[in-house]
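Each chain is listed here by its residues.
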Amino acid sequence: TQLLEQSPQFLSIQEGENLTVYCNSSSVFSSLQWYRQEPGEGPVLLVTVVTGGEVKKLKRLTFQFGDARKDSSLHITAAQPGDTGLYLCAGGSYGGSQGNLIFGKGTKLSVKP
Amino acid sequence: EAGVAQSPRYKIIEKRQSVAFWCNPISGHATLYWYQQILGQGPKLLIQFQNNGVVDDSQLPKDRFSAERLKGVDSTLKIQPAKLEDSAVYLCASSLYSTGELFFGEGSRLTVL
């Protein structure tokens, strides 16, 4: 069974601080997606990484896919209260469809002004 | 562009009762998914439709859960009879094609007493 472990589970920081969230697995994934979910809402896709070692930047967010395609990280620079939410990583299996994703349990981020 | 619509947003039932959730995907999206998100966990795929055909229902508890996609557009997910452990948010998502970006609805929160 493929599993994705996310750490930390909870993170509470002050506005302006930097943070990194990790997503690890013993399995190899064809792709890795990061979502943000706010209370009472569905997850919203932030980024998809597909190549081992790939780094993608989205404004203050930097996403990295591990060389072995088993892990990923999300780094946020100068966090803002609007970054508050549940960050989910999801791995795609080889041969599976896009929607057949394995989700981690998420990292709940709270950024205080 | 209208997003994925789900109803009802909230439902409270007693165990052994039945419940149905409805989803209207984004217009033109061929692929539709139902996910179950238990509190504190990431979403888990229950069933995936491509047009009105089932692509993957390997994680659907078929003794109590059923789903259909009428004419390849709207979909309903039914639980009968409900158990306490079915308490969760049921998320519907759609994508233009099976490998496209997933767009999630706001979810239907089920509480089974």
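Numbering of residues starts from 1 in each chain and follows the order in which that chain's sequence is written. Ligands are numbered from 1 and chains lettered from A, in the order in which they are written. Since the coordinates come from a predicted model, pLDDT governs what is reported: local features require at least 70, and pairs of side-chain atoms require 80 or more to be given and counted, while whole-chain, interface and lining totals use all residues. Hydrogens and water molecules were not included; the side-chain quantities draw on all heavy atoms of the structure.

## Description of the interface of chain B and chain A
No. 1: Any two residues whose heavy atoms approach within 4.5 Å at even a single point are treated as in contact. Of the residues lining the interface, 20 residues belong to chain B; the matching set on chain A comes to 17 residues.
No. 2: Take the accessible area each of two parts loses on contact, using a 1.4 Å probe, and add the two losses: that sum is the buried area. With both sides pooled, the region where chain B packs onto chain A buries about 1400 Å², and carbon together with sulfur makes up 51% of that total.
No. 3: What makes a salt bridge here is a side-chain nitrogen of Lys or Arg within 4 Å of a carboxyl oxygen of Asp or Glu, nothing more. For the interface between chain B and chain A, the tally reads zero salt bridges.
No. 4: Two N or O atoms count as a polar contact when they lie within 3.5 Å, although within protein this holds only if one can serve as hydrogen donor and the other as acceptor, and sequence-adjacent residues are included solely when both atoms are side-chain atoms. Summed over the shared surface of chain B and chain A, the number is three residue pairs in polar contact (both at pLDDT 80 or more).
No. 5: Broken down by secondary-structure element, the contributors of at least two residues to the side of chain B that touches chain A are strand 4 (31–37) and strand 5 (44–50) of chain B.
No. 6: For the side of chain B that touches chain A, the element with the most residues is strand 4 of chain B, which contributes three residues. Secondary structure follows DSSP: runs of H or I at least 4 residues long count as helices, runs of E at least 2 residues long count as strands, and numbering of each begins at the N terminus.

## Thoughts on the sheet that holds strand 3 (residues 19–24) of chain A
Residue and element names in this part refer to chain A.
No. 1: Here a strand pair is declared whenever DSSP counts at least two bridges between the two strands. Judged by pairing direction, the sheet is antiparallel, and its five strands sit side by side in the order 1-3-8-7-6 without closing on themselves. In this open sheet, the two edge strands, each paired with only one partner strand, are strand 1 (5–7) and strand 6 (55–58). If you compare each strand with its neighbour and ignore which way they point, the axes differ by 15° on average.
No. 2: In this structure, strand 1 lies alongside strand 3, joined through three bridges in antiparallel fashion. Paired with Q6 across the bridge in strand 3 is C23. With axes taken as lines fitted to C-alpha atoms, and helix axes fitted only over the stretch in contact, angles between N-to-C directions fall between 0 and 180 degrees.

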